[in-house]
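Each chain, written out:
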Amino acid sequence: MSHTELYAKYHRLRSQYRILKRQENKAIRDGVPTQAFRNGLKVISDELKPIQRAVLRIEANKPLGND
């Protein structure tokens, strides 16, 4: 997977996670059961972790831009 594809997937998953988290918080406020939200967040989180590690590794290996 290229760096571009990796970043795109990372940002898409982060966006999905944030949207689902907002929906979960709204459901909590409305008194709705939230187990389905937690299950969805767990699935996204499990998929996101290795991608996030790879992105951080790429960022750590980039030269500083202020040379």
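Source: prediction; values computed, not measured. (Residues numbered from 1 in each chain as written. Predicted model: local features only at pLDDT ≥ 70, side-chain atom pairs only at ≥ 80, totals over all residues. Heavy atoms only, no water.)

Give a description of the overall build of the protein that names residues and reports values.
Check the secondary structure of the protein and you find two helices and zero strands. Against the globule reference of 11 Å for 67 residues, the protein gives a C-alpha radius of gyration of 16 Å, more extended than a compact globule. For the protein, with 67 residues in total, the buried portion stands at 22%. Taking as baseline every contact in the protein between residues at least 6 positions apart, the subset at least 24 positions apart corresponds to 66%. Within the protein, the 7 negative side-chain charges are centred at a point lying 5 Å from the centre of the 14 positive side-chain charges. (Helix = DSSP H or I, 4+ residues; strand = E, 2+ residues; numbered from the N terminus. Rg over C-alpha atoms; globule rule 2.2 N^0.38 Å. Buried < 20%, exposed > 50% of the residue type's maximum accessible area, 1.4 Å probe, protein only. Contact = heavy atoms within 4.5 Å. Lys, Arg positive; Asp, Glu negative; His and termini not counted. Charge placed at Lys NZ, Arg CZ, Asp CG, Glu CD.)

Describe helix H2 (residues 35-61), naming the residues involved and giving the relevant values.
With 27 residues, H2 ought to run about 39 Å at 1.5 Å a step, and its terminal C-alpha atoms sit 39 Å apart, in line with that. Remark: the principal bend of H2, roughly 30 degrees, maps to leucine 48, with a proline, proline 50, within the next four residues. Buried residues along H2 sit against helix H1 (3-30). (Expected span 1.5 Å × (residues − 1). Bend = angle between axes of the 7 residues up to and from the residue.)

Outline the packing of H1 against H2, supporting the account with residue identities and numerical values.
For the pair H1 and H2, the least separation of the axes is 9 Å and the interaxial angle reads 145 degrees. When you trace H1 past H2, the crossing you get is left-handed. Split by residue class, the contact of H1 with H2 holds 15 nonpolar, six polar and seven charged. (Axes fitted to C-alpha atoms, helices over the stretch in contact; angles between N-to-C directions. Left-handed = near helix turned anticlockwise from the far one by under 90°. Nonpolar A, V, L, I, M, F, W, Y, C, P; charged D, E, K, R; others polar.)

Could you give me a rundown of the environment of phenylalanine 37, with the residues and numbers involved?
Residue placement: phenylalanine 37 occurs in helix H2. Between the C-alpha atom of phenylalanine 37 and that of arginine 22, which follows or precedes it by 15 residues, the distance is 9.9 Å. Aside from chain neighbours lying at most four places away, what touches phenylalanine 37 is Leu20, Gln23, Glu24 and Ala27.

Help me get a handle on the side chain of glutamate 24, residues and values and all.
Inspection of the secondary structure puts glutamate 24 in helix H1. Its relative accessible area of 4% is what places glutamate 24 among the buried residues. Not counting the four nearest positions on each side in its chain, glutamate 24 is found in contact with Thr34, Phe37, Arg38 and Leu41.

Pulling in residues and values, what's your account of the pattern of salt bridges?
Taken as a whole, this structure holds five salt bridges when the rule is applied. Here arginine 38 ties to glutamate 24 by a salt bridge, and the two come within 3.9 Å at their closest N and O atoms. One end of the pair, arginine 38, is in helix H2; the other, glutamate 24, is in helix H1, with 14 residues separating them in the sequence. In this structure, a network of salt bridges that share partners links the residues Lys21, Glu24 and Arg38. (Salt bridge = Lys/Arg side-chain N within 4 Å of Asp/Glu carboxyl O.)

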